[in-house]
Every structure is written in structure tokens, then in C-alpha cells.
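# Fold and contact review
Each chain is listed here by its residues.
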Amino acid sequence: MSSYRTTKSGTHNLRPPSTSTPTILKKRNTQLNNVPKQKVQINLVDNLKALLISFDQNNDKEKLKYNNLICDIRDAGIEIKDAELVTLLKDARNCVNILNENLTLFVKVILILKWMNRSDEVVSEYRGFLLDVCTAHNYHTKFAIEQLVTCFSHVDSNVFDRVNSMPSEEEERGFKNVHMTLEALLKVIPLAKDLLMTALKRKFPYKKSSVESHLHYIHNLLFVTEYEKSLRKQILSLIVSKLVEIDVHIPREELDRLGSNVNIEIEDIFPMDVDGEYMQVDPDKLEAESFSHILDVCLRRLFMYMNTTCHDPNGDLLWNDTKSLYHDLLSVFESEILPTYNSSHIQYVIYYFISFKTTLAENFSNWLWKKCCDVSSPSTIRQAAAGYLASFLCRAPFVLNSVLKNILFEMSTWCNNYINRVDKSVKVVNEDLLRWHAVFYSMCQSLFYIISFRHHDLMDSKRNLKFMENLNLSKIVTCRLSPLRLCCSTVVNRFAHITKTYQLTYCYVVMDGHIRITDQSIKDEWLYSFFPFDLYVLPRSKDFIMSDLYRHFDDDINKHTNDDEEDKDSSLLIDTMDISPSMLSTSSPAKTDWLGQLVNQHR
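From a predicted model like this one, the values you see are computed outputs, not experimental measurements. For every chain, the first residue of the written sequence is number 1, and numbering continues from 1 onward in sequence order. Under the rules for a predicted model, residues below a pLDDT of 70 receive no local features and side-chain atom pairs below 80 are neither given nor counted, while totals for whole chains, interfaces and linings still include all residues. In computing side-chain properties, one takes all heavy atoms of the structure into account and sets aside hydrogens as well as water.

### Section: the overall build of the chain
The numbering of helices and of strands both runs from the N terminus, where a helix is a DSSP run of H or I of at least 4 residues and a strand a run of E of at least 2. Along the chain, the regular secondary structure elements total 29 helices and 4 strands. Each residue gets one of three labels from its accessible area relative to the maximum for its type: buried under 20%, exposed over 50%, partly exposed in between, using a 1.4 Å probe on protein chains only. Here the chain holds 603 residues, and the buried ones make up 55% of them. The contacts in the chain between residues at least 6 apart in sequence include a share of 79% that link residues at least 24 apart. Carbon together with sulfur atoms contributes 49% to the accessible area of the chain, which is approximately 27,500 Å² in total. Here, residues are in contact when the closest pair of their heavy atoms is within 4.5 Å. For the area figures, the Shrake-Rupley method with a 1.4 Å probe applies, and any residue is considered shielded solely by the protein chains shown.

### Description of the pattern of salt bridges
Any carboxyl oxygen of Asp or Glu that lies within 4 Å of a side-chain nitrogen of Lys or Arg is treated as forming a salt bridge with it. The final tally for this structure, using the stated rule, is 23 salt bridges. One salt bridge in this structure joins lysine 65 and glutamate 62, with 3.9 Å as the shortest N-O distance. Taken together, the residues span about one helical turn, with lysine 65 and glutamate 62 both in helix H2 (residues 60-76) at a distance of 3 residues. Linked through salt bridges whose partners overlap, the residues forming this network are Glu254, Arg257, Lys285 and Glu289.

### Side note on the side chain of asparagine 220
Within the fold, asparagine 220 resides in helix H9 (residues 211-227). Apart from residues no more than four positions distant in its own chain, asparagine 220 is found in contact with Phe152, Phe175 and His179.

### Here's the deal with the packing of helix H3 (residues 82-93) against helix H5 (residues 120-136)
The N-to-C vectors of H3 and H5 enclose an angle of 20°; their axes lie 9 Å apart at closest approach. Overall, the two elements H3 and H5 adopt an arrangement that is roughly parallel. Considering only the axes of H3 and H5, their crossing is left-handed. Along its contact with H3, which presents Asp82, Leu85, Val86, Leu89, Lys90, Ala92 and Arg93, the element H5 presents Glu121, Val122, Glu125, Tyr126, Gly128, Phe129 and Asp132. Following the grouping adopted for this structure description, the nonpolar residues are Ala, Val, Leu, Ile, Met, Phe, Trp, Tyr, Cys and Pro, the charged ones are Asp, Glu, Lys and Arg, and the polar ones are all others, Gly among them. When the residues that make up the contact of H3 with H5 are grouped by side-chain class, the tally is 7 nonpolar, 1 polar and 6 charged. Here, axes are lines fitted to C-alpha atoms. For helices the fit covers the stretch in contact, and angles between N-to-C directions go from 0 to 180 degrees. By the definition adopted for this analysis, an angle is roughly parallel if under 35 degrees, roughly antiparallel if over 145, roughly perpendicular if from 65 to 115, and oblique otherwise. Take the far helix as the reference: if the near one is turned anticlockwise from it by less than a right angle, the crossing is left-handed, and if turned clockwise, right-handed.

### Quick notes on the packing of aromatic side chains
A ring pair, where both rings are aromatic, is described by two values, the distance of the centres and the angle of the planes. The pairing test for Phe, Tyr and Trp rings, Trp by its six-membered ring, is centres within 6.5 Å, and the orientation test on the planes gives stacked under 30 degrees, edge-to-face over 60, and tilted for anything in between. Considering all chains together, one arrives at 34 aromatic pairs under this definition. Residues phenylalanine 448 and phenylalanine 495 carry aromatic rings whose centres are separated by 4.2 Å and whose planes lie at 25° to one another, so their mutual orientation is stacked. One end of the pair, phenylalanine 448, is in helix H19 (residues 438-453); the other, phenylalanine 495, is in helix H24 (residues 489-501), with 47 residues separating them in the sequence. Their ring planes at 65° and their centres at 5.6 Å tell us that tyrosine 506 and tyrosine 508 sit as a pair that is edge-to-face. Here tyrosine 506 falls in the partly exposed class, since its relative accessible area comes to 38%. Lying across the ring of tryptophan 319, lysine 357 places its NZ or CZ 5.4 Å from the centre. Counted as over-ring charges are cases with an Arg CZ or a Lys NZ within 6 Å of the ring centre that also lie within 35 degrees of the ring normal. Positioned above the aromatic ring of phenylalanine 467, the side-chain terminus of lysine 405 is 5.0 Å from the ring centre.

### Overview of the packing of helix H11 (residues 252-260) against helix H12 (residues 283-310)
One way to put it is that H11 packs onto H12 with a least axis distance of 10 Å and a crossing angle of 65°. Handedness of the crossing formed by H11 with H12: right-handed. Taking contact as the criterion, the partners of Glu254, Arg257 and Leu258 in H11 are, on H12, Ala288, Glu289 and Ser292.

### With respect to unusual backbone geometry
For asparagine 164, which is not glycine, the phi dihedral falls at a positive 55°. Position of asparagine 164 among the secondary structure elements: in the loop between helix H6 (141-150) and helix H7 (169-188). Under the relative-accessibility criterion, asparagine 164 is labelled partly exposed at 21%.

### Describing H24
The span you would expect from a helix comes to 1.5 Å times its residue count less one. Its 13 residues give H24 an end-to-end C-alpha distance of 18 Å, which sits within 8% of 18 Å, the value for a rise of 1.5 Å per residue. The buried count for H24 comes to 11 of 13 residues, which makes it a mostly enclosed element. For H24, the complete set of buried residues consists of Ser489, Thr490, Val491, Val492, Asn493, Arg494, Phe495, Ala496, His497, Ile498 and Thr499. Looking one or two residues beyond H24, the residue adopting positive phi is glutamine 503, at roughly 60°.

### What to know about the environment of lysine 371
Within the element layout of this structure, lysine 371 appears in helix H15 (residues 358-373). Between the C-alpha atoms of lysine 371 and glutamine 383, which are 12 residues apart in sequence, the distance is 9.3 Å. Residues in contact with lysine 371, not counting those within four places in the same chain, are Glu334, Leu338, Ser377, Ile381, Arg382 and Ala385.

### Digging into the environment of aspartate 194
You can see aspartate 194 is positioned in helix H8 (residues 192-202). On the accessibility criterion, aspartate 194 (62% relative accessible area) is exposed. C-alpha of aspartate 194 to C-alpha of lysine 142: the two residues are 52 residues apart in sequence and 9.8 Å apart in space.

### Some points on the environment of serine 237
Here serine 237 shows up in helix H10 (residues 232-247). As a C-alpha pair, serine 237 and glutamate 336 span 99 residues in sequence and 7.1 Å in three-dimensional space. Residues within four places of serine 237 in sequence aside, it is in contact with Val332, Ser335 and Glu336. Engagement of the side chain of serine 237 in a polar contact is seen with the side chain of glutamate 336, the distance being 3.2 Å. What qualifies as a polar contact is a pair of N or O atoms within 3.5 Å, subject to a donor-acceptor requirement within protein and to the restriction that residues adjacent in sequence count only when both atoms come from side chains.

### Regarding the confidence of the model for the chain
Averaged over every residue, the pLDDT of the chain is 82; the share at 70 or more is 78%. The pLDDT score gives, residue by residue, the confidence of the prediction method on a 0 to 100 scale. pLDDT under 50 marks residues 262-270. Its contacts with residues more than four places away, or in other chains, come to 13 contacts. Taken together, the stretch residues 578-603 has pLDDT below 50 and engages in 89 contacts with residues farther than four places along the chain or on a different chain.

### Brief notes about the side chain of glutamine 147
You can see glutamine 147 is positioned in helix H6. Leaving out residues up to four positions away in the same chain, glutamine 147 has contacts with Leu111 and Ile112.

### Description of the state of the cysteines
Note on terminology: disulfide denotes any pair of cysteine sulfur atoms within 2.5 Å. Counted according to the given criterion, the structure contains 0 disulfides. No disulfide involves cysteine 487; its sulfur sits 5.5 Å from that of cysteine 444, the nearest cysteine. Looking at cysteine 487, the relative accessible area reads 0%, which means it is buried.

### As for H5
Between its first and last C-alpha, H5 extends 24 Å over 17 residues, near the 24 Å set by a 1.5 Å rise per residue. For H5, the secondary structure elements touched by its buried residues are H3, helix H4 (104-111), H6 and H7.

This is the structure we're talking about:
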């Protein structure tokens, strides 16, 4: 006869039953938690099935026996030896046909047992019980899936030698057991996919949870996409949306700190014991460092996932897999990243992926341009798309010059056509122009930024100079809408200097001949001054981007052309072109102009 040694008594008549059974699964000092002085054995083979069959919720005596059995199994916990746990699981499987809704508590107490890192026999029996009970009684499936998903964020506190917070070998073995069980469950119950997505959203670690919890959970979510590809877009959207929440809560001061530490390693963010006294750490600083660490290691894991998904072991691109993932990522970018306010690094998910092939860069540039021109989209989204397009074309070295020139031509044509439609109606230059023509000014600002940043590539030959002359920039800068007066002063000053140097147009007469709107709050309200692909400063993942996928601003034109005071003023702004502002995009107008602040700091 098989037996199961418990830490509780097998006697079921010590105290009256509780009327609140759901709390039995939690370890509390309730009436049902009998703690006798001796341990006894319950012969499960003889008694378990009989006890479950005779269980009657309306019979206090039978209810007490049932509840005490639940407490016995629950409180045994990790003390159960593998052999005893195998026996318990086998006996429970023999009772599957009677485990109806009245016995839900028994099913739950079996499913919450710790099993994922036990022997192969325990894992096999647990998996068998879970599959049997869910297929026989599908109302247990929701809880079963939640228990499997809960394992995704498991962190072994005894592991101290992690690399970039990744799971240890033993943790990976446990995760693999969970995934094999989940995959088998989804095969026998395909409709459980909806329950799975609900559980994945509910069980996602809170943003203030540990770094390891976040990384392990995301690591396992990405593993799910390997055997359940139909959920990939939803899972990627969930991951990105949660990382966005963390990204936007990282203060600028923390990013500046990371950017100033070139060789930064793992941060020591805990209180230090100095001469027997603890140095207190600012909780806000502690939280900021924790957020940046979480975002850092999770983005690194996402980059690795995209790389392995789209390349074979030899490093060759798998084009069909890449195209499929591109459509999923573009959808996630449109729904989660493009409308996001003040993110600093999450946008590099799409940036890194597009670097795999120049065709992707061309497609993404064209998609952004269509979004800029989409009159059915909110103006804030169109402005954000213009900022993304300008920043991407300037920073990404894998964008072909032909794509750059094509977008510039389309952008200048759009601006000129817009001027032809509305310029004659402009009487006075004031804040109302920003309100009604915000998209136009964002387009002009992006056009000015691209020309200022990429002038070496755009004017390196007579043919390219001819192309630039055909953009009709003079019409744009001299129109009544006055973009030079209303766009960000940093970009405008740099553009004026570049176009004067190459004799494309002369902006200073227009800039000096009018009183410029100097109230920055007016501009902040109606015009986004942002270029989102700022310098990548997260230390553990930056090598994926900053090694060879990022173009820094490198300009030597001022070494030879500081002829007048205007050029000298412009030369002071060179560095600010390489410190683009944090992305500012939201459903309501942005309230911060990082470029404007940087300009003021340099004056």
C-alpha cells in the first residue's frame, strides 16, 4: 500500500468547519489549520477516493474531513519527498473522473504544488494530472494555466552567479518543464489560447518587481512564441507595452548619469555599510536605477530574440521569418511605441530589427512617410511620425542614400504644395498658426533637421547639389507661414548655416527681418521638438546598437566657414545636433522642448 506522510493530522473531527474555504490554500492561522504534536500517515490509496466521493458540502463532518485533507496537502509543501509526491499525484489521477466543480479546492491544492524542478517522474505525473483534469473538466483549465504562467517569473534566491540576470541552468530546466506542459495543454484544448493571454497579462510582474522577475517572465513569454506563433503579435505587444511603462518613468537625470559613465558595469544600488554606518540611498534614485536596469536587460533579451529568430546558426538571414516578424513588430510599433510620450529606448526595438536588411529600412521609411501624410490620423501621430522619420534617416547608417533623397523630395514637395494651398490666407504670424498648421511646421522642422544632419551625403557632388536646388527650399523659408520663426531655434539656426554655406538659400534675412515668437511655451503647446533616436546609453545592451548601427553627428564645416557673427553663433550649436531631445509624443501636446533647453544651456 502506498502512503503519504503529512505534517498534519489525519484526524478530521477536531474543530468545526470553516464557512470560507477559498482561503484554505493560503497559509493562515485559521480554524482549519490543525497543528498536532505528532505526524501520522494517511493511506491515500484506500482513503482518498472514498473521502472525495463521500464529500458533501452540506454535511459538516464530511466537510471538515475534506478541508483538513486540503490543509494537510497544502502545508506539506516542499517537504514532500519526490516518491511521496509521485504517489499523491498518481492517486489524484485515479480520481479525475469525480473531480467536478464541488471538488475544485482539491484540484487547486494539487496544482499549486511545487513541481517544476523536481524529478522527471514527478514532472511527468504532474503533467499527466493537469492534462487529465483539464480535458475531463474544462472549468479547471483557467486555474491550471494561471499556475503554469505563475512559474514564468520564478527566481531561485540561491543563485548568485547570473549573467545579465538570465536564468541559471536549473531554472531553465524548470521553465522547460512548464513549457512542455503548457504546449501539451494548448494542443488538447486549442481554445485555451484566450485564457493563456488573459493569464499572461494578469501575471506580468509589477514594474517595481525585481530585475530577475521581469527578465525571466519576458524570457518565457518569448519562448511561448516559438511553439504558439499565433500569439506572437499579442505577446510582443504585451512585452513592449510593459517596457514602455518602465521606460517613460526613467528620469532624464538617470539617462544622463548612464551616458556619462562610458565603462559602467553592474550598478551597486543598495545601501552601503561604511565604518559600521549605513549610507542611505535616495529611494527615487534607487527606483530610477532599478527601472533602467530592468529596461536594459529586457531590451538585450529582445535583441537576442530577434537576432536568433531571423538568422540561422551560420548567421544567414531567414527572409520569410524576417518578413513575418517585421509585420508583427510594425503593428506593435504603431500601437504601443509611436503614440508614447517621452520614451528613451524602447523605440530601438524596431530600429535594431530594421538593421537586418536595407529593404526593411526602405519599407519602414515609406511607412512613416505615409503615416505623416495620413489625414485620417490625429495630428499628434502625424507629428510623431515626422520626428521618427527625420531621426531614423539621420541616425541609421543602413539607410541607402537613394531612400534618403526620395523622402526629402517627397517632404519638400508636400511642404510646397501645402504652401500653395494656404499661404495666401496667412495675414499675421502668431500662435494661431501653430494651432492650425502644426503638422506643416513639424514637416518643415524634420526637413531642416535632415538637411542639417546629412549635408555631407546630400551635397558631395554636383549632381546632388542640383538635386538639392530642385527642392525649392527658398519658397519654404520665405513663405508667409514663416517656418523659420516657428520651428525649433536649434534646428533653424543650423539649417540656416548649412544652406548659406552651400548657397542653397539665404535664411538670415528672413530670420532678422521679422520678430520671432520667443514664448517657448506657445511652441511647446503646438509643436513637437523631438527626434526620438537619441544616444543609446543603457550599458548592458548598448553594444547591439552603438557598435556599428548608429551615426553620430560629425561636422567639420565650421572649421572653414566662420566668416561672420551669425556663423559663429551657429557653430555653438553643433554639439546639440548630436544630443537630440527625448521623444515627445502624446495624445495631447507635449510640454517640454529638450532641444530648446539644450540651446539655452549652451548660451
